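Per-entry structural report
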Amino acid sequence: MGLHVDEHSNYNVLSRIATSDGHGENSSYFDGWKAYDNDPFHPIDNPQGVIQMGLAENQLCLDLMQQWIKQNPQASICTGEGVSEFKDVANFQDYHGLPDFRKAIARFMGKARGGGATFDPERIVMSGGATGAQETIAFCLANPGEAFLIPTPYYPGFDRDFRWRTGVQLLPIQCHSFDNFKITEPALVTAYQRAQTANIRVKGILVTNPSNPLGTTLDRETLRTLVSFANEKRIHLVCDEIFSGTVFDKPTYVSVSEIVEEEPYYDRDLIHIVYSLSKDLGVPGFRVGVIYSYNDAVVSCARKMSSFGLVSTQTQHLLASMLGDDDFTTKFLAESRRRLSRRHKYFTAGLHRVDIKCLESNAGLFCWMNLTHLLNEATVEAELKLWRVIIKEVKLNISPGSSFHCSEPGWFRVCFANMDDNTMETALKRIRKFVSPGNHTAAAQAKKKNKRWDAALRLSLPRRFEELSIMTPRLMSPHSPLVQAAN
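Residues numbered from 1 in each chain as written. Predicted model: local features only at pLDDT ≥ 70, side-chain atom pairs only at ≥ 80, totals over all residues. Heavy atoms only, no water.

Turning to helix α10 (residues 220-233), a few remarks are in order. Between its terminal C-alpha atoms α10 stretches 20 Å, which fits the 20 Å expected from 14 residues at 1.5 Å a residue. Of all the residues in α10, the buried ones are Thr222, Leu223, Leu226, Val227, Phe229, Ala230 and Asn231. Those residues of α10 that are buried are in contact with α9 (185-197), β5 (202-208), β6 (236-240), α11 (256-262) and β7 (271-276). Of the residues flanking the start of α10, the one acting as N-cap is Asp219, its side-chain oxygen 3.3 Å from the backbone nitrogen of Glu221. After α10 finishes, the residue Arg234 shows a positive phi value of roughly 55 degrees. (Helix = DSSP H or I, 4+ residues; strand = E, 2+ residues; numbered from the N terminus. Expected span 1.5 Å × (residues − 1). Buried < 20%, exposed > 50% of the residue type's maximum accessible area, 1.4 Å probe, protein only. Contact = heavy atoms within 4.5 Å. Polar contact = N/O pair within 3.5 Å; in protein donor to acceptor, adjacent residues only side chain to side chain.)

With that out of the way, let us pick up the packing of helix α4 (residues 62-71) against helix α14 (residues 326-352). Each pair of packed helices can be described by the angle between their axes along with the distance between the axes. Running from N to C, α4 and α14 point in directions that differ by 160 degrees, and their axes come no closer than 10 Å. Classed by the angle they form, the pair α4 and α14 counts as roughly antiparallel. Once α4 is placed against α14, the crossing between them reads as right-handed. Counted together, Asp63, Leu64, Met65 and Trp68 of α4 and Phe328, Phe332, Glu335 and Arg339 of α14 form the full contact between these two elements. (Axes fitted to C-alpha atoms, helices over the stretch in contact; angles between N-to-C directions. Parallel < 35°, antiparallel > 145°, perpendicular 65-115°, else oblique. Left-handed = near helix turned anticlockwise from the far one by under 90°.)

Our next topic: the pattern of salt bridges. Taken as a whole and assessed by the stated rule, the structure comprises 24 salt bridges. When the shortest N-O distance is used, the salt bridge between Lys111 and Asp326 registers 3.5 Å. On the criterion of sequence distance, the pair formed by Lys111 in helix α6 (residues 99-112) and Asp326 in helix α14 is long-range, its members being 215 residues apart. Here Glu146 ties to Arg201 by a salt bridge, and the two come within 3.3 Å at their closest N and O atoms. With Glu146 in the loop between α7 (129-141) and β3 (147-151) and Arg201 in the loop between α9 and β5, this residue pair connects regions lying 55 residues apart in the sequence. Of the residues examined, Glu146 reaches a relative accessible area of 8% and is grouped as buried. Each of Arg220, Arg224, Glu258, Glu262 and Glu263 takes part in salt bridges that share partners, so that together they form one network. (Salt bridge = Lys/Arg side-chain N within 4 Å of Asp/Glu carboxyl O.)

So, about empty space enclosed by the protein. Across all of its chains, the model carries 5 cavities of 30 Å³ or more by this definition. Volume-wise, the second largest cavity comes out at about 110 Å³. Taken together, 14 residues form the lining of the second largest cavity, with Met369, Leu371, Ile390, Ile431 and Phe434 sitting closest to its centre. Where the lining of the second largest cavity is concerned, the elements lending two or more residues are α15 (380-394) and α16 (421-435). The dominant element in the lining of the second largest cavity, judged by the number of residues it contributes, is α16, at 3 residues. (1 Å grid on protein atoms, 1.4 Å probe; cavity = no way out; pocket = protein on both sides within 12 Å on 5 of 7 lines; lining within 4 Å. Points joined across faces, edges and corners; volume = space filled by probe spheres on them.)

Taken together, the 4 strands give an open sheet; going across it, the order is β9-β10-β13-β12, and neighbouring strands pair in antiparallel fashion. Every interior strand has two partners, whereas the edge strands, β9 (357-358) and β12 (399-400), have only one. In the sheet, β9 pairs with strand β10 (residues 366-370) via 2 bridges, with the strands oriented antiparallel. Following the sheet pairing, Cys358 is matched in β10 by Met369. Of the strands in this sheet, β9, β10 and β13 (411-415) touch α14, which is tilted by about 15 degrees from β10. (Pairing = 2+ DSSP bridges.)

Volume-wise, the largest pocket comes out at about 610 Å³. Sorting the residues of the lining of the largest pocket by element identifies β3, β5 and α10 as the ones contributing at least two each. Its residues placed into classes, the lining of the largest pocket shows 14 nonpolar, 11 polar and 7 charged. (Nonpolar A, V, L, I, M, F, W, Y, C, P; charged D, E, K, R; others polar.)

The next point concerns the pairing of β6. Burial analysis of β6 places 5 of its 5 residues in the buried class, which makes it a mostly covered element. Taking every second residue as pointing to the same face, both faces of β6 are buried, with His236, Val238 and Asp240 on one and Leu237 and Cys239 on the other. Following the backbone out of β5, through α10 and into the adjacent parallel β6, one traces a crossover that is right-handed. In terms of strand pairing, β6 meets β7 through 4 bridges, oriented parallel. Bridged to Asp240 within β7 is Val274. A crossover connection joins β6 to the parallel β7 through α11; in handedness this β-α-β unit is right-handed. (Right-handed = clockwise from strand over helix to strand, strands pointing away.)

Purely spatial values, then, with no claim about function.
Okay, here's the thing in structure tokens:
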């Protein structure tokens, strides 16, 4: 006879992590993914389905990688040309990783950042994707209850990566559209002082460069401000640079590593970089994350922790050969930037023709789209009503700004690099039809249709996410056991 354990009983027999909703599935970001999973677009099999524009994935240059693999079969231990390496690769277990792999990663990091800084292979720490890298660095730098400051809007997955298992808090640095969401020193000071008033110890600042979701890069002045502030307060600065190789337009990308190398008086022990190959190469399934720290103690600790999420040696072996091919990586990065630029211009021009503007950007796999003029009122609830119409009626999965903790309703992140040209054109046609003068206005549709199918989009999840403040750390990403990992 089976033993039935109801949900209430689980709170007594399972851990707080297991019974919490800290992973963040109760969010509009995740619900959009569920809407796509339940009705995915296919040009032939399901042409009326939902088009996935909530996935920050770079599929524009996979053909170049496939071509390289065909031309270099010896790079894989699963081919006749490379099987002689099978025994050594299959049995390698060193936490440090394959030496050739770390050397190749370090060299590629410098190249992806324009050659403005060099990286030491001995400071490369492996992780199972950027997700694991973020959590590991949080474990190394802060105790439960301590906090990192983070500029808004920011990638929802940071709430999970930094918070869920570590107990570390994320406190907002409020940024605004009137100055293009730039991180300012007064905003930094205000956020730090608020934490002090609340008796919360601040251990660091977490930023993305290029920004997710803004698609903008931090200028040298802003980076100097961040490094100087961190040094002054004796707190850490963690720079997530996973989109560094996607910069397709001016201004030129500046890594925090350049600032550190230019100014010898900065305390390098406070500077840390998170990187991965998911965006620049477009291989999130390889789960290659990197922690690069200038702090010896952090490198040592993170390397010990890396045993919980090492990169497969088979993957290391292949990438060591691919990234070690300087001619290939130079051509790949140049072509990737060219294709990203072309796609970005095509998509934003299509939006502009129907009077939809995006924040001016020069990097990333997405646009920060401004739909404030389509809201009934400047509230999160109005934003979510419009979002439901776009998913249910327009059949586009885009991500509302409130799920990115944006303090201004009406902004949406929309991804453009995870589909082919024909699918992109279909998405633009749907948008044009939605906002055309002959159609009801988007705001009117949102108001009229919301009651009819408000509950339909809840899917299998509760709607508690809509009752949460946009600044609550419980609004997170769809990185869950139920869906594929992505940003």
